Amino acid sequence: MTDSKYFTTTKKGEIFELKAELNSDKKEKKKEAVKKVIASMTVGKDVSALFPDVVNCMQTDNLELKKLVYLYLMNYAKSQPDMAIMAVNTFVKDCEDPNPLIRALAVRTMGCIRVDKITEYLCEPLRKCLKDEDPYVRKTAAVCVAKLHDINAQLVEDQGFLDTLKDLISDSNPMVVANAVAALSEIAESHPSSNLLDLNPQSINKLLTALNECTEWGQIFILDCLANYTPKDDREAQSICERVTPRLSHANSAVVLSAVKVLMKFMEMLSKDLDYYGTLLKKLAPPLVTLLSAEPELQYVALRNINLIVQKRPEILKHEMKVFFVKYNDPIYVKLEKLDIMIRLASQANIAQVLAELKEYATEVDVDFVRKAVRAIGRCAIKVEQSAERCVSTLLDLIQTKVNYVVQEAIVVIKDIFRKYPNKYESVIATLCENLDSLDEPEARAAMIWIVGEYAERIDNADELLESFLEGFHDESTQVQLQLLTAIVKLFLKKPTETQELVQQVLSLATQDSDNPDLRDRGYIYWRLLSTDPVAAKEVVLAEKPLISEETDLIEPTLLDELICYIGTLASVYHKPPSAFVEGGRGVVHKSLPPRTASNESAESPEAAPTGAPPVEQPDVIPPQGDLLGDLLNLDLGPPVSGPPLAASSAQMGAVDLLGGGLDSLVRPGSPCIGGTNFTSPPAAAVPASLGAPIGSGLSDLFDLTSGVGNLSGSYVAPKAVWLPAMKAKGLEISGTFTRQVGSISMDLQLTNKALQVMTDFAIQFNRNSFGLAPAAPLQVHAPLSPNQSVEISLPLNTVGSVMKMEPLNNLQVAVKNNIDVFYFSTLYPLHILFVEDGKMDRQMFLATWKDIPNENEAQFQIRDCPLSAEAVSSKLQGSNVFTIAKRNVEGQDMLYQSLKLTNGIWVLAELRIQPGNPSLTPLQLSLKCRAPEVSQHVYQAYETILKN
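The chain is annotated in an unreviewed UniProt entry as AP complex subunit beta from Loxodonta africana. In the Sequence similarities (unreviewed entry) part of its UniProt record, the chain is described as follows: "Belongs to the adaptor complexes large subunit family."

As structure tokens, this is what we get:
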């Protein structure tokens, strides 16, 4: 009879009957009862009431019964800690049992009982088991130390278990060594600062000896530990590689990938001139190819890892293209991954068979796969120049099939081919234009519009084609609208006389009828360019475009090096570092490949290029957007791209107009024109505040820089605070504050060297942030910074950097580099540094705007402990560009109506109530209204900061 009988019962008062059976004198009956208890526990019944009775059954020689009782104990010890203490004596006894299986079982169960009260009782038995004569018991005890460390780290350290674990690395039994390594690695991972696995050539030798004899899981633990070791020179690296290479032929794919990880890491230290280096490359290919004959899920993991390996060392698999050809029965996720690797391996030698294969895929039934195959043909054309012509003719053949999604993908990739090889394949444009009507996807429509605009002079009916898109302008996606606007402006600059009406029409649609700020801004910039300086417009819009790089989808080099250190783990499947997806208290250590030693620096490496030779160009890489610090990590911290120059004085500020040419030339009828035709000025609705435009249109910062410049006193400056303490930056301490004076924002820094070495080569970079703050000049520290020396620097900032909404809104992430390292910190900047000097709104406009902003956007705040009169408040705020528009007294209270404008054109309107006579007792009541309500909280904080200091 099977064990299923334990799961069925018809009796009543089950717990009572089980209790009686558990206390029976007959061993068989006892065993049956415990099995019933475990069965009830398994299906989710609460049998914790039987705890004392089950624990009594522990006193037995029967191994099966003991295992069942221990299973029950692990499950209920947490909910019954007081009862669990009853079992401690049995553990202590079992740890001295003559049978090693029972000793090991006791120590394993001890590790699984996560109850603080009990842990200290278990230290003595654990100590004995760690020194047990039987290796099975020792290996179990090693894992128990890691479990105990997780419950009570301090206790484990005080009891000296960590030292015992380190001694076990020298054990004679390979399984004990493997488990000791696994336990130490686990503990070291949760305490990155502790140097537990202090590896040296002697201990590495012991690990390599154990590697040949332990189980597959043991081998993985040891290989992962080896991967964290940095050999002292290339000879040691080669010797380790030679002893790890046999693991490549292991049947378990996890062992193979762990071995590949160790070899990939240590190859960094080998010179490419060595014969052994070439041998190693040849040995790495077969195991990776073998992984592709496993089941699809394993294939996928292998392919994701191979994708990283191919990016790092394409030469390993360059002759193995055929194994990545797609099979008809591969699941889609395997197909797409194989396709990606095929493109990475494509070269002049194999491009013919790759193209033949890709053309075949483009006729498949799976739409996603076909799209990717068509894109792949385009990527091959960009990567292998000699194949471009063949790729273009393949794409034209596919367009002739008239399959809608194939045609659309083909047009998208042909646009990229045109950009890579200008003036080479434009003869195919006529064929593309025939398919205009069938395009319904935004990306394909945008690509086609780009082609028509870029080559308008070669297309006779370009204006008609673009006009056909213009009919449904408002129904198009933003991507298409932006492309259409640019294409029509290009067309106008090439054929001004025929297309003036068309360009007027698109500019009017983009600026007056659109809600999209990007589209409006681009429309106004073009409008302004065309109406003030047509020659400049031509230079800007028809400028020569940079050629696109072949591999924009390569993983960024430093991230790739880190991922190579994680081959065979989840990070290598996600292609993200563990810090991006592992949550919790464990500190994730950033790993990196060992540096090449000077003796074996190969001529291929860019650092080793001869002094006279130009440096090898690295492909431009687009960092992934998901990672907030993606932009900051390992950036080239050179001088930033300079934005528009900051106004140096108020007089200059009044005269500067961001886009050149004053407003008069925009409105004046005789303004410069193209092709002899006058270009009419924007309609009244587009004219800024000073000329009657509705506020909030976002244009005031484009045109209206000439209206009221604020006072010159400068806004409130907070005292410097320490942003980066020396202990976190290897001795560099950075404190600072932000200031705004006469329209210029700056970051005032104090750098202090608290290290023992001289610091030089300073540079600074900001991550993308909510208001586009960026350095307007390099960080200039003119002399080397000696130990215990400080230097004060004022770094000018502008607001033309990349924008990304941060949490909180005023968060700024900064990277500072010097000759020692790159350091990161974040700080909060006060919002009042972004209050611009032309933030005073006209009275009528204030009223209209206040009514226009919905009531749900109004936020109420109180400012306490502020003993100032209305005049003092008004004057203090004006110093920070908060302008009082009107003041009146209502029911004995002074009411101030104020406006301010942020650097990105957002207006904030305020109503401030002040109780005259005893302002210190009554808090100031502040109401703020704004079209972007998320800024209100930060504006209130700015008010409070300014008024209280």
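Novice: Before we move on, can you summarise the environment of P867 with the specific residues and values?
Specialist: Assignment of secondary structure puts P867 in the loop between β9 (858-863) and α38 (870-878). Remark: the alpha-carbon pair of P867 and P916, spanning 49 residues in sequence, is separated by 9.7 Å.

Novice: If you had to explain the pattern of salt bridges to someone new, which residues and values would you point to?
Specialist: Here the structure, examined in full by the defined rule, presents 35 salt bridges. Close ionic contact of K35 with E64 constitutes a salt bridge, the shortest N to O distance being 3.4 Å. Here K35, found in helix α2 (residues 27-42), pairs with E64, found in helix α4 (residues 63-76); they are 29 residues apart in sequence, far enough to count as distant. Owing to a relative accessible area of 16%, K35 belongs among the buried residues under this scheme. The closest approach of N and O atoms between R740 and E837, which form a salt bridge, is 2.9 Å. On the criterion of sequence distance, the pair formed by R740 in strand β2 (residues 732-741) and E837 in the loop between β8 (822-828) and α37 (843-852) is long-range, its members being 97 residues apart.

Novice: Give me the lowdown on a negative patch on the surface, citing residues and values where you can.
Specialist: A grouping of E464, E467, E471 and E501 is seen on the molecular surface, where their side chains present a negatively charged patch. Taking the relative accessible area as the measure of exposure, E464 reaches 54% and is therefore exposed.

Novice: Lay out the sheet that holds β8 in plain terms, naming residues and giving numbers.
Specialist: In spatial order, the strands read β4-β7-β8; together these 3 strands make up an open sheet with antiparallel pairing. Looking along the sheet, the strands with just one partner apiece sit at the ends: β4 (763-766) and β8. Looking at each pair of strands side by side, their axes are set apart by 25° on average, direction ignored. As paired strands, β4 and strand β7 (residues 811-817) are joined by 4 bridges and run antiparallel to one another. Residue pairing across strands places I764 opposite V816, the latter belonging to β7.

Novice: Give a description of the nonpolar core that names residues and reports values.
Specialist: With 214 residues, the main nonpolar core has Y72, L126, V244 and F418 as its most contacted residues. Looking at which domains feed residues into this core, each of domain 1 (346-438) and domain 2 (441-532) gives three or more. With residues near it in sequence (within four places) discarded, Y72 still touches V37, I38, M41, V47, S48, L50, F51 and V54. In terms of nonpolar packing, the next biggest core, distinct from the first, is built from 63 residues, I734, F738, V781 and F835 among them.

Novice: Tell me what's going on with the packing of helix α16 (residues 234-244) against helix α17 (residues 253-267), and back it up with residues and numbers.
Specialist: Closest axis-to-axis distance for the α16/α17 pair is 10 Å, and the angle between their directions is 160°. With respect to each other, α16 and α17 are oriented roughly antiparallel. Viewed along their axes, α16 and α17 form a crossing whose handedness is left-handed. Here A237, I240, C241 and V244 of α16 come into contact with α17, specifically with A259, V262, L263 and F266. Here the residues of the contact of α16 with α17 sort into 8 nonpolar, no polar and no charged.

Novice: Just give me the short version of the side chain of R138, but keep the residues and values in it.
Specialist: One can find R138 in helix α10 (residues 135-151). R138 gets classed as buried once you look at its relative accessible area, which sits at 11%. Separated by 3.0 Å, the side chain of R138 and the backbone oxygen of E133 make a polar contact. Those residues in contact with R138 that sit more than four places away from it in its chain are C129, L130, D132, E133, L168, D171, S172, N173 and V176.

Novice: Provide a residue-level description of the sheet that holds strand β1 (residues 721-724), including the pertinent values.
Specialist: Strand order across the open sheet formed by 5 strands is β1-β2-β3-β6-β5, with antiparallel pairing between neighbours. The open sheet terminates on both sides in strands that have one partner only, identified here as β1 and β5 (774-775). Bridge analysis of strand β3 (residues 744-753) against strand β6 (residues 790-798) gives 8 bridges, and the strand direction is antiparallel. Residue pairing in the sheet places M747 in a bridge with L795 of β6.

Novice: Describe the state of the cysteines, listing the residues and the values that go with them.
Specialist: Working definition: the covalent bond between the sulfur atoms of two cysteines is a disulfide. Taken as a whole and assessed by the stated rule, the structure comprises 0 disulfides. Distance from the sulfur of C129, which forms no disulfide, to the nearest cysteine sulfur (C95) is 3.9 Å. Sulfur of C391: no disulfide; nearest cysteine sulfur belongs to C380 and is 5.7 Å away. Judged by relative accessible area, C391 falls into the buried class, the value being 0%.

Novice: Mind laying out the side chain of D94, listing which residues take part and the relevant values?
Specialist: Relative to the helices and strands, D94 is located in helix α6 (residues 88-94). A relative accessible area of 6% means that D94 is categorised as buried. The residues contacting D94, other than those within four sequence positions of it, are K66, Y70, I102, R103 and A106.

Novice: Pulling in residues and values, what's your account of the packing of aromatic side chains?
Specialist: All chains considered together, the criterion is met by 12 aromatic pairs. On the numbers, 5.5 Å between centres and 90° between planes, the contact of Y300 with Y333 is edge-to-face. Of the two residues, Y300 sits in helix α19 (residues 296-312) while Y333 sits in helix α20 (residues 332-345), which places them 33 residues apart along the sequence. Using a relative accessible area of 33% as the deciding quantity, one classes Y333 as partly exposed. With centroids separated by 6.3 Å and ring planes inclined at 85°, the aromatic side chains of W450 and Y455 adopt a geometry described as edge-to-face. Judged by its relative accessible area of 8%, W450 is buried. For Y455, a relative accessible area of 6% translates into the label buried. The positively charged end of K335 is found above the aromatic ring belonging to F369, 5.2 Å away from the centroid.

Novice: Lay out the confidence of the model for the chain in plain terms, naming residues and giving numbers.
Specialist: Residues at a pLDDT of 70 or more form 84% of the chain, whose mean pLDDT is 79. Note on residues 598-678: pLDDT is under 50 here. Beyond four places in sequence and across chains, it has 128 contacts.

Novice: Account for unusual backbone geometry, with residues named and values stated.
Specialist: The step from E807 to P808 runs through a cis peptide bond, and the omega angle for that step is -10°. For P808, the location among the structural elements is in the loop between β6 and β7. A positive phi angle, near 55°, is found at D761, a position not held by glycine. Checked against the element boundaries, D761 lands in the loop between β3 and β4.

Novice: Lay out the pairing of strand β13 (residues 924-930) with the relevant residues and their values.
Specialist: Among the 7 residues in β13, 6 count as buried, and that is most of the element. When β9 meets β13, the two strands line up antiparallel, connected through 6 bridges. Within the sheet, the bridge partner assigned to Q862 lies in β13 and is Q925. Examined bridge by bridge, strand β12 (residues 907-914) and β13 share 6 bridges and lie antiparallel to one another. Bridge pairing in β13 places L909 opposite K929.

Conventions we followed
- Residues numbered from 1 in each chain as written.
- Predicted model: local features only at pLDDT ≥ 70, side-chain atom pairs only at ≥ 80, totals over all residues.
- Heavy atoms only, no water.
- UniProt positions renumbered as here; feature names shortened; annotations may be inferred.
- Helix = DSSP H or I, 4+ residues; strand = E, 2+ residues; numbered from the N terminus.
- Salt bridge = Lys/Arg side-chain N within 4 Å of Asp/Glu carboxyl O.
- Buried < 20%, exposed > 50% of the residue type's maximum accessible area, 1.4 Å probe, protein only.
- Patch = residues over 30% accessible without salt bridge, like charges linked within 9 Å, V, L, I, M, F, W, Y side chains within 5 Å.
- Areas by Shrake-Rupley, 256 points an atom, 1.4 Å probe, with all protein chains shown as cover.
- Lys, Arg positive; Asp, Glu negative; His and termini not counted.
- Charge placed at Lys NZ, Arg CZ, Asp CG, Glu CD.
- Pairing = 2+ DSSP bridges.
- Axes fitted to C-alpha atoms, helices over the stretch in contact; angles between N-to-C directions.
- Core = buried A, V, L, I, M, F, W, Y, C linked by side-chain atoms within 4.5 Å.
- Domains from an automatic or database assignment.
- Contact = heavy atoms within 4.5 Å.
- Parallel < 35°, antiparallel > 145°, perpendicular 65-115°, else oblique.
- Left-handed = near helix turned anticlockwise from the far one by under 90°.
- Nonpolar A, V, L, I, M, F, W, Y, C, P; charged D, E, K, R; others polar.
- Polar contact = N/O pair within 3.5 Å; in protein donor to acceptor, adjacent residues only side chain to side chain.
- Disulfide = S-S within 2.5 Å.
- Phe/Tyr/Trp six-rings, centres within 6.5 Å; stacked < 30°, edge-to-face > 60°.
- Lys NZ or Arg CZ within 6 Å of the ring centre and 35° of its normal.
- pLDDT = per-residue confidence, 0-100.

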